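# Understanding the architecture of this molecule
In case you want the letters, here they are:
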Amino acid sequence: MKLRLLESRYAFTLRTPSLFPNAMTSKVLIANRGEIACRVMRTAKKMGVRSVAVYSDADRLSMHVAMADEAYHIGPAASQQSYLCMDKILDVAKKSSAQAVHPGYGFLSENTEFAELCKQEGIIFIGPPSSAIRDMGIKSTSKHIMSAAGVPIIEGYHGEDQSDGKLQSEAARIGYPVMIKAVRGGGGKGMRIAHSEAEFHEQLESARREARKSFNDDVMLIEKFVENPRHVEVQVFGDQFGDAVYLFERDCSVQRRHQKIIEEPGISPEVRRKLGEAAVRAAKAVNYVGAGTVEFIMDAQHNFFFMEMNTRLQVEHPVSEMITGTDLVEWQLRVAAGEKLPLSQKQIVLRGHSFEARIYAEDPNNDFLPGAGPLLHLSTPQGDQCTRIETGVREGDEVSAHYDPMIAKLVVWGEDRSAALKRLRYCLRQYNIVGLNTNIDFLLSLSGHAEFEAGNVHTSFIPQHYDQLFPAAQRPSDALLCQAALGLLLGEKQNTEIYRNQTSDMFSPFASSNGRRFNVLHCRNLTLQLGEDKVELAITYNPDGTYSMEVSSVFNVSGELQMEGDVTYLWCSVNGVLSRPKLVILDNTVHIFSMEGSAQVDVPVPKFLAGVSGSSAQGGAVAPMTGTIEKVLVKAGDSVQKGDPLMVMIAMKMEHTIRAPKAGVIKKVFFKEGSQASRHAALVEIEQEEGAGEE
C-alpha cells in the first residue's frame, strides 16, 4: 500500500515531453545562482530542455555552473554588478539563443522592468505578467486590490506622505506595536518592529536604509503588528486561460530576523479551504499566471489577513510538491509555453505531511549572525522519494559573503506529521558540516521541542522558548572522549602504515605504531581540550591490540576506521558498547557525528606554535564578518555607553548594527562609509574614560 502511494505521488513528475516543438534547440536561461538555479536545471534536464547559466567572479567554480549545458560570465561578485544587471543577462540570453528566462527567486524575479524587457526582446519570462508583479510588488497597491477582491486585510497606513512625522502619527493612531515595512520588500528585508514611540525613529531609519540597499526604494508602510500570529502562505498557480488553483498551505511561523527557518502544511481542512479560495481570488484579481504565493497572518481564532503576494517561485515550494506529487518548475515551464494547468482543483489531492528545514551558515548562539567560509567537510543523508536535498554547494565549496548564507534545504515526507517529523530529525543527524557555524543543532533542538511537536507554533516561538531552544553546552561524556582519542590513535596508525609501505627501512621505529615493549606494556598520556578546559587521558596499549584508557575511570577501547566513499566511520567498542560514528579530523580538531549528537574535541597546540591572537575585541569593536560599512555613527572623541550603535554594516544581504562592547571614549574609527571590512578587523578603538571603573 505504501509503495503504491509513493508511486501515485510521483506519477506526474515522470512525464518528460519537451517544452518546445523542437526540443533539440530549446534552451532556458536561469538568471540566478545557487540551489534554485540547480533546482530549475534538474527539471529542465528531465524535460529535455537545455539550461544556460550565468555566473559572477565568486561563482566561477560553483555547482550551478558545472550543472549547466552552457555558462556565461556576467561580472564581479557584487550582485549589483552581475546578477542584478538586466542588460548583461539579456545579452547572454540573445548570445545563447535561449528562448526563455527563469528568474528563480530573489534578484530579478520580481522586477517589473526585467519582465517587460524580456517581452520586448521576444524572450519568454517564466513568471507572471509584469502588471501582476508591479501591483503585488508595491504593498500599498496590493492591499487596495485585495480589499476590492474580498480578501481580508489588516489595518495600516499605505499612503503617499512619507514624512517622518506622518508615519509616526499613523503608528500612534494604529497603536503600538507596529510593523514598519518597505513597500517593495521581501525576504525580511526592509522590515522592522517598533514596540514603542521611543524606538520608532531608529527602526524606521534602519528599515529605510536596508530597503534602499535591497530594492532601491525606501517607501514604507505601517501596519498593526499582530502579537504571536501564525504566518501561513498558500501556493497558487495560474495559466494564460484565466484558470487558477491552490496547492494547499505552508505554515512558516517559526522565524528569526523575519525570515523562515522551517515550513510545513498545518491547518484544519475547513480553514484550508477558506484560505485556498481567498488565495485564488487574490491571484485572479491580478490575472496571475505561473507560480505564486499568497501570504497571510492568522490569529489564534483562525482569522486570517492578507500580508503580501510573492510573484515568483517560493524558497519553500518543495513542501507543496511533496504533499501533492507535483513538479512546480515543470508546471512553470509548461504554463509559460502556453499550456493549460496540468491539474484541476479537484485533481489536486493532499497526501501525507512534509517539512522543509533551511540549513544556514550562521551562528544561532550569536543572534543567528550569518557567516561565510569553506565547507571543509560536507556529508548528507541519502536522497530518496521521501527525502530531498536542495542545494547549490559541494564539499570544498565556499559559502560566499556576497550572497545569502543558505547552504541547503532539507525536505522530507511522511504519511503523517509524526512520521515526517521523525524523518526530519533522523536526516538532520546525518547532515554533517565542518568549516563554519551552521544552524543544524538548533534545528534539532527546535524540532524536538514539545510545543513544536504538538504543532503549537507562532512567529514568537523562538523568543518565547529561548531557554529550552538554547540549552547550556554539555561536556562530552568520557566515553565520547575515548572515541576521539581512539580516532587519533587509529589515524596515527594509518599514517604509520602509509610510511612503512613507502620506506625502504622496514625496521625503522617510525614504521611501527603498536606501542610494543619488551616485558612491559607501553603507556602514554594524551591531552584533549574542551573549550578552555584540558582533559588528560592515560592510554595503555594492550597486547591484543585494544587500549585501556583512563579518564575518570578506566575504559576498554578497541576499533578500526572504515571508509564509505569519502566518509570515514569509526567502528568502535567502549566497555563493550558498540557504535559507528562519523569521524572527521581536521587540523587539531576531532569532529564526531552520531545519531546521538555531535561533538568537537580539540588537541592543544604547543605554545611555541600557537602564535599570538590578533583580536582587538577588548579594545573596541570588531567586524563579525566580511562586509561593507554602510554608515558610521560615531567619531573620535565621542563618548559611548555599552550597547550604543557605532556602525551599520551590510553583509550576507542583511544590515547589521555594530554596538559598543563597553562604555568609553572613541579613540579612533578605522573605516569610512562605503569601505570593505574583513572578518575580525578592528572597526573602532574605545578607551576607558578617566576616572571610570571597570565594569
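Please read all numbers here as calculations on a predicted model, not as lab measurements.

### What to know about the pairing of strand S40 (residues 664-669)
Pairing of strand S37 (residues 639-640) with S40, which is carried by two bridges, proceeds in the antiparallel orientation. Across the sheet, the residue bridging to Ser639 is Val665, located in S40.

### Some points on the packing of aromatic side chains
One pass over the structure, following the stated rule, counts 15 aromatic pairs. Aromatic side chains Tyr466 and Phe470 sit 4.3 Å apart centroid to centroid with 25 degrees between the ring planes, which places their arrangement in the stacked category. Relative accessible area serves as the criterion here: at 40%, Tyr466 is assigned to the partly exposed category. Taken together, the aromatic side chains of Phe368, Phe442, Tyr466 and Phe470 make up a single cluster linked through ring pairs.

### A closer look at the nonpolar core
Judged by nonpolar contacts, the single largest core of 51 residues is most densely connected at Val236, Phe237, Leu275, Val294, Phe296, Met309 and Trp331. Mapped by element, the contributors of at least two residues to this core are helix H2 (34-46), helix H6 (130-137), strand S10 (230-238), strand S11 (244-251), helix H10 (269-285), strand S15 (290-298), strand S16 (304-310) and helix H12 (328-336). No other element matches H10, which puts seven residues into this core. Counting contributing residues, this core receives three or more from each of domain 1 (27-126) and domain 2 (127-154 + 233-351). Ignoring sequence-local partners within four residues, the contact set of Phe296 consists of Val151, Arg230, His231, Val232, Val234, Leu275, Ala278, Ala279, Phe304, Phe305, Phe306 and Met307. The next biggest cluster of nonpolar side chains, apart from the first, holds 39 residues, and it includes Phe368, Ile433, Phe452 and Phe470.

### Quick look at unusual backbone geometry
Residues Tyr176 and Pro177 are joined by a peptide bond in cis, for which omega reads 0 degrees. Mapped onto the elements, Pro177 comes out in the loop between helix H8 (164-174) and strand S7 (178-186). Residues other than glycine seldom take positive phi values, yet Arg257 does so here, at roughly 55 degrees. Mapped onto the elements of the fold, Arg257 is located in the loop between strand S12 (255-256) and strand S13 (259-260). For Arg257, a relative accessible area of 23% corresponds to the partly exposed category. Despite not being glycine, Phe368 shows a phi value in the positive range, around 55 degrees. Mapped onto the fold, Phe368 is located in the loop between strand S18 (362-363) and strand S19 (369-370).

Cut-off values and rules
- Residues numbered from 1 in each chain as written.
- Predicted model: local features only at pLDDT ≥ 70, side-chain atom pairs only at ≥ 80, totals over all residues.
- Heavy atoms only, no water.
- Pairing = 2+ DSSP bridges.
- Helix = DSSP H or I, 4+ residues; strand = E, 2+ residues; numbered from the N terminus.
- Phe/Tyr/Trp six-rings, centres within 6.5 Å; stacked < 30°, edge-to-face > 60°.
- Buried < 20%, exposed > 50% of the residue type's maximum accessible area, 1.4 Å probe, protein only.
- Core = buried A, V, L, I, M, F, W, Y, C linked by side-chain atoms within 4.5 Å.
- Domains from an automatic or database assignment.
- Contact = heavy atoms within 4.5 Å.

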